[in-house]
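Below, each chain spelled out in residue letters.
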Amino acid sequence: MGKVKSLDDLKKMKEEVQSRINLREKSDHPENQVQVKVAMATCGIASGAKEIMDYFINELDKRNIDAIVTQTGCMGYCYAEPTVEITLPGKEPVVFGYVDTKKADEIIEEYIKKGELIDGIIPVTYKTIDE
Amino acid sequence: MKDLSMHILDIAQNSITADASLIQIAIHEDMEKNSYEIVIADDGKGMTKEICDRVTDPYFTTRTTRKVGIGLSLLRQNAEQTGGHIDIHSEPGKGTKVRSIFTYDHIDRPALGDISGTIITLVAANPEIDLIYTHTAQNGKYCFDTREIKAALEDMKISNPKIRQYLHEMIEENLTEINPDQPVDGSKYI
Ligand SMILES: Nc1ncnc2c1ncn2[C@@H]1O[C@H](COP(=O)(O)OP(=O)(O)OP(=O)(O)O)[C@@H](O)[C@H]1O
Ligand SMILES: [Mg+2]
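Owing to the predicted nature of the structure, the values given are computational and were not obtained by experimental measurement.

### Some points on the pattern of salt bridges
The tally for this structure, following the rule as stated, stands at 22 salt bridges over all chains. Among the charged side chains, a salt-bridge network with shared partners connects Glu 59, Lys 62, Arg 63, Asp 105, Glu 109 and Lys 113 of chain A.

In structure tokens:
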């Protein structure tokens, strides 16, 4: 059996990744970043929110979009889980419901990249729940 | 909830909502005692005794976004179905500990499911929170501690996809070490 991955190898891995990242220079200016929040309360988790979150993390990186993906508690739209809140720089947050990977792909291509509104937006006056 | 790791993700979300800065997840598989124990502890804002006594009532919640809360009662229901139980200790300002016991070989015990993916999801989505995951099985104990990981990574973000992938594999490989009877594929890990 091969050697099990450990923290030491993680350090090597890190150097490797770092040399590649510098080329791309990710900004550390949150105001220019796309913010993606995936609702992860019981209803969200039960309907697949984890897979959607992983999809956003991987795809946004692959497509070179400077974004920060985080999780949030219940946003109050259990009937439409998984739900995802997208905030484009300088814009109001928009919440999408019933997000599967196909919808997530559309959100990235149409809304995040081009700013075009697409189906699936939850039409309510939305206040962020964090506070 | 399809499997135990989804419960874990869910209960840990309660800790995040309670502003925890450290979450400890411990799984203890004990075939001799025929028990499968999951403990999730946090240093979040905790709750009063009154609230704590009621949280596993179906539908109890203090949230204002929706009238019902089902996370803890689902966990309780699932544990009890296997002849197990849950108990919750909490203190305002100190934190909360949720302990659930399942009967190991009970037919209704859900599989663990994708625990590596669950841990990584929690870690990547909440970089400011520290997480310690310990897993004890027949061949030993594995401990995953984000404080060590962050120290090794220095200024590299834990949410970097390559790093996430690496950590995911690292957890999976270590789990196979402590429980060689289980399939390597994390999704089937029971
Ligand atoms: N770790 C914790 N720290 C502080 N309070 C908690 C914690 N876990 C649960 N609670 C309290 O218990 C209540 C019930 O939790 P439960 O997970 O069952 O439902 P919920 O989180 O309110 O909603 P849901 O899980 O269905 O999205 C919460 O609203 C909260 O008041
Ligand atoms: Mg909950």
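### Let's talk about the environment of Ile 122 of chain A
Residue and element names in this part refer to chain A. Mapped onto the fold, Ile 122 is located in the segment after helix 4 (101–114). Taking the C-alpha atoms as reference points, Ile 122 and Val 17, separated by 105 residues in sequence, lie 38 Å from one another. The contact partners of Ile 122, leaving out residues within four places of it in the chain, are Tyr 77, Tyr 79, Ala 80, Thr 83, Val 95, Phe 96 and Gly 97.

### Focus: the confidence of the model for chain B
Residues and elements named next belong to chain B. For chain B, per-residue confidence averages 90 on the pLDDT scale, and 93% of positions sit at 70 or higher. Under a pLDDT of 50 for its full length, residues 184–190 has, in the predicted model, 23 contacts with residues more than four places off or in other chains. Interface confidence in the predicted complex, given as ipTM, is 0.79; pTM for the same model is 0.88.

### Overview of the sheet that holds strand 3 (residues 84–87) of chain A
Residue and element names in this part refer to chain A. Ordered in space as 2-1-3-4, the 4 strands form an open sheet in which the pairing is mixed. In the strand order of this sheet, the two ends are held by strand 2 (67–72) and strand 4 (94–96), each with one partner. The sheet shows a mean angle of 20 degrees between the axes of neighbouring strands, direction not considered. Two strands pair when backbone bridges link them, and strand 1 (residues 34–39) and strand 2 are joined in this way by 6 bridges, in the parallel orientation. Bridge pairing in strand 2 places Ala 39 opposite Thr 72. Against the sheet, helix 3 (residues 49–62) touches strand 1, strand 2 and strand 3, its axis set at about 170 degrees to strand 2.

### Focus: the side chain of Gln 13 of chain B
In this fold, Gln 13 of chain B is placed in helix 1 (residues 4–17). The exposure class of Gln 13 of chain B is buried, given its relative accessible area of 3%.

### With respect to the sheet that holds strand 4 (residues 95–103) of chain B
Sheet strands pair via backbone hydrogen bonds, and the direction of the pair is either parallel or antiparallel. Residues and elements named next belong to chain B. Strands sit in the order 3-4-2-1-5-6 across an open sheet of 6 strands; the sheet is mixed. Across the chains shown, the open sheet's two edge strands, defined by having one partner strand only, are strand 3 (85–91) and strand 6 (140–145). Going from strand to strand, the sheet's axes swing by 10 degrees on average, the running direction of each strand aside. Examined bridge by bridge, strand 3 and strand 4 share 7 bridges and lie antiparallel to one another.

### Quick word on the pairing of strand 1 (residues 22–30) of chain B
All names here are of chain B. Bridge count between strand 1 and strand 5 (residues 130–137): 7 bridges; the pairing is parallel. Within the sheet, the bridge partner assigned to Gln 24 lies in strand 5 and is Ile 132. The pairing of strand 1 with strand 2 (residues 35–42) spans 8 bridges and is classified as antiparallel. Each bridged residue has a counterpart across the sheet, and for Asp 30 the counterpart in strand 2 is Ser 35. Linking two consecutive strands that pair antiparallel, namely strand 1 and strand 2, is a turn of 4 residues; a positive phi of about 55 degrees is found at Asn 34 within it.

### A few points about the interface of chain B and chain A
If you look at the interface, chain B gives 41 residues, while chain A gives 38 residues. Carbon and sulfur atoms make up 64% of the surface buried where chain B meets chain A, a total of about 3300 Å² over both sides. Where chain B touches chain A, the interface holds 5 salt bridges. Linking Asp 54 of chain A and Arg 164 of chain B is a salt bridge whose minimum nitrogen-to-oxygen distance equals 3.1 Å. Elements that contribute at least two residues to the side of chain B that touches chain A include exactly helix 1, helix 3 (71–81), helix 4 (115–125), helix 5 (146–153) and helix 6 (161–178) of chain B. Per element, the largest residue contribution to the side of chain B that touches chain A is 11 residues, and it comes from helix 6 of chain B. A per-class count over the side of chain B that touches chain A returns 18 nonpolar, 10 polar and 13 charged.

### As for the side chain of Glu 37 of chain B
Residues and elements named next belong to chain B. Within the element layout of this structure, Glu 37 appears in strand 2. Polar contacts involving the side chain of Glu 37 include one to the side chain of Arg 99, which spans 2.7 Å. Other than its neighbours up to four places away in sequence, Glu 37 contacts Ala 26, Ile 27, His 28, Arg 99, Ser 100 and Ile 101.

Procedures and definitions
- Just so you know, the residues in each chain are numbered from 1, in the order the chain's sequence is written.
- Chains and ligands are labelled by the order in which they are written, letters from A for the one and numbers from 1 for the other.
- Thresholds applied to this predicted model are a pLDDT of at least 70 for local features of residues and 80 or more for the giving and counting of side-chain atom pairs; totals over whole chains, interfaces and linings are not thresholded and use all residues.
- Only heavy atoms go into the side-chain values, all of them from the structure, while hydrogens and water stay out.
- Any Lys or Arg side-chain nitrogen found within 4 Å of a carboxyl oxygen on Asp or Glu counts as a salt bridge.
- In this description a helix means any DSSP run of H or I spanning at least four residues, a strand means any run of E spanning at least two, and both kinds are numbered starting from the N terminus.
- Contact between two residues is taken to exist if any of their heavy atoms lie within 4.5 Å; hydrogens are not considered.
- Scored between 0 and 100, pLDDT is the confidence that the predictor attaches to each residue.
- Pairs of strands are assigned from DSSP output, requiring at least two bridges between the strands.
- Axis definition: a line fit to C-alpha positions, over the contact stretch in the case of helices; interaxial angles, taken between N-to-C directions, run 0 to 180 degrees.
- Three labels apply to residues, based on accessible area from a 1.4 Å probe with only protein chains included: buried if under 20% of the type maximum, exposed if over 50%, partly exposed otherwise in between.
- Throughout, the accessible surface (probe 1.4 Å) given up by two parts as they are put together, summed over both, is called the buried area.
- Each residue is assigned to one of three groups, with Ala, Val, Leu, Ile, Met, Phe, Trp, Tyr, Cys and Pro labelled nonpolar, Asp, Glu, Lys and Arg labelled charged, and all others, Gly among them, labelled polar.
- N or O atoms closer than or at 3.5 Å make up a polar contact, with two conditions inside protein: a donor-capable atom paired with an acceptor-capable one, and, for residues adjacent in sequence, both atoms drawn from side chains.

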